[in-house]
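Structural description and commentary
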Amino acid sequence: TISGEGKTFCALNLATIIAMNNKKVLVVGLDLRKPKLHTMLKTNISYGITNYLIGTHQIEDILIHTDIQNLDVILSGPIPPNPLELIESEKFAEFVSYIKNLGYDYILFDTPPIGLVADTLSIAKYTDLNVFVMRQNYTNRNAIKFINDIATESKLKHICILINDVNM
């Protein structure tokens, strides 16, 4: 729901675990406002999905094969002035359709916090499962009500919660 809960960390680690189980996985950095995937991967690659959506790169140009077998990523790229417009564009719909046909077993979208911007709700129409990351001693407990409201209003389908940074 907010920044700092570990969405990118969890997405990348979940993708790695799935890939290590011999499944082909793609992680797409869709936090176009405050991207962190490139930092977690310790790369200085500056291109990504934004470049594809504005028409300067092809999907093949932005697809990165990692050192982890079966794990590919597409970074977010440069921060655009109009993230929501790009996500709601026909070009994004074409992108999703195209990557669904690349033979991946799983495609994970690393999105911005749903509590701060509308981007995630626009992305959710392309998802089969929506994972809320909550961080122990960090996420406000009112986030549960927020998530329940989203579920009740059917704004998102198939919702689950992942609790991150649990101190037993």
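Quick note: structure is the one above.
Residues numbered from 1 in each chain as written. Predicted model: local features only at pLDDT ≥ 70, side-chain atom pairs only at ≥ 80, totals over all residues. Heavy atoms only, no water.

1. Details of the environment of glycine 103
Turning to its location among the elements, glycine 103 is positioned in the loop between helix H6 (90–100) and strand S4 (106–110). Judged by relative accessible area, glycine 103 falls into the partly exposed class, the value being 48%. With 25 residues separating them along the chain, glycine 103 and aspartate 128 place their C-alpha atoms 16 Å apart. (Helix = DSSP H or I, 4+ residues; strand = E, 2+ residues; numbered from the N terminus. Buried < 20%, exposed > 50% of the residue type's maximum accessible area, 1.4 Å probe, protein only.)

2. Description of the sheet that holds S4
Ordered in space as S2-S3-S1-S4, the four strands form an open sheet in which the pairing is mixed. Each edge of the sheet is formed by a strand with only one pairing partner; in this case those strands are strand S2 (63–65) and S4. Strand-to-strand twist across the sheet, computed as the mean angle between neighbouring axes with direction ignored, equals 25 degrees. Judged from the three bridges that link them, S2 and strand S3 (residues 71–74) form a sheet pairing that is antiparallel. Counted as the bridge partner of leucine 63 is isoleucine 74 from S3. Each of strand S1 (25–29), S3 and S4 is contacted by helix H1 (residues 7–20), which is oriented at about 170 degrees to S4, the strand it contacts most. Running at roughly 150 degrees to S4, H6 makes contact with S1, S3 and S4 of the sheet. (Pairing = 2+ DSSP bridges. Axes fitted to C-alpha atoms, helices over the stretch in contact; angles between N-to-C directions. Contact = heavy atoms within 4.5 Å.)

3. What to know about the side chain of threonine 8
Residue placement: threonine 8 occurs in helix H1. The residues touching threonine 8, leaving out its near neighbours within four places in the chain, are Lys36, Leu37, Met40 and Asp110.

4. Concerning the pattern of salt bridges
Oppositely charged side chains may form a pair once their charged atoms are brought near each other. In the structure shown here, the tally under the stated rule is five salt bridges. A salt bridge links aspartate 165 to arginine 135; the shortest N-O distance between them is 3.1 Å. Within this pair, whereas aspartate 165 is found in the segment after strand S6 (159–164), its partner arginine 135 is found in strand S5 (residues 130–135), the two being separated by 30 residues in sequence. Since its relative accessible area comes to 30%, arginine 135 is described here as partly exposed. (Salt bridge = Lys/Arg side-chain N within 4 Å of Asp/Glu carboxyl O.)

5. Considerations on the nonpolar core
Of all hydrophobic cores here, the largest spans 20 residues; its most connected members are Val28, Leu30, Ile49, Phe92, Phe95 and Phe109. Contributions of two or more residues to this core are made by S1, helix H3 (49–53), helix H4 (59–62), helix H5 (83–87) and H6. The dominant element in this core, judged by the number of residues it contributes, is H6, at four residues. Within the second largest apolar cluster, 12 residues are counted, among which are Ala15, Ala19, Val25 and Val27. (Core = buried A, V, L, I, M, F, W, Y, C linked by side-chain atoms within 4.5 Å.)

6. Notes on the packing of aromatic side chains
Per the stated rule, a full pass over the model turns up three aromatic pairs. Here the aromatic residues Tyr52, Phe92, Phe95 and Tyr126 are joined through ring pairs into a cluster of three or more. One residue, lysine 91, lies across the ring of tyrosine 52, its end atom 4.5 Å from the ring centre. (Phe/Tyr/Trp six-rings, centres within 6.5 Å; stacked < 30°, edge-to-face > 60°. Lys NZ or Arg CZ within 6 Å of the ring centre and 35° of its normal.)

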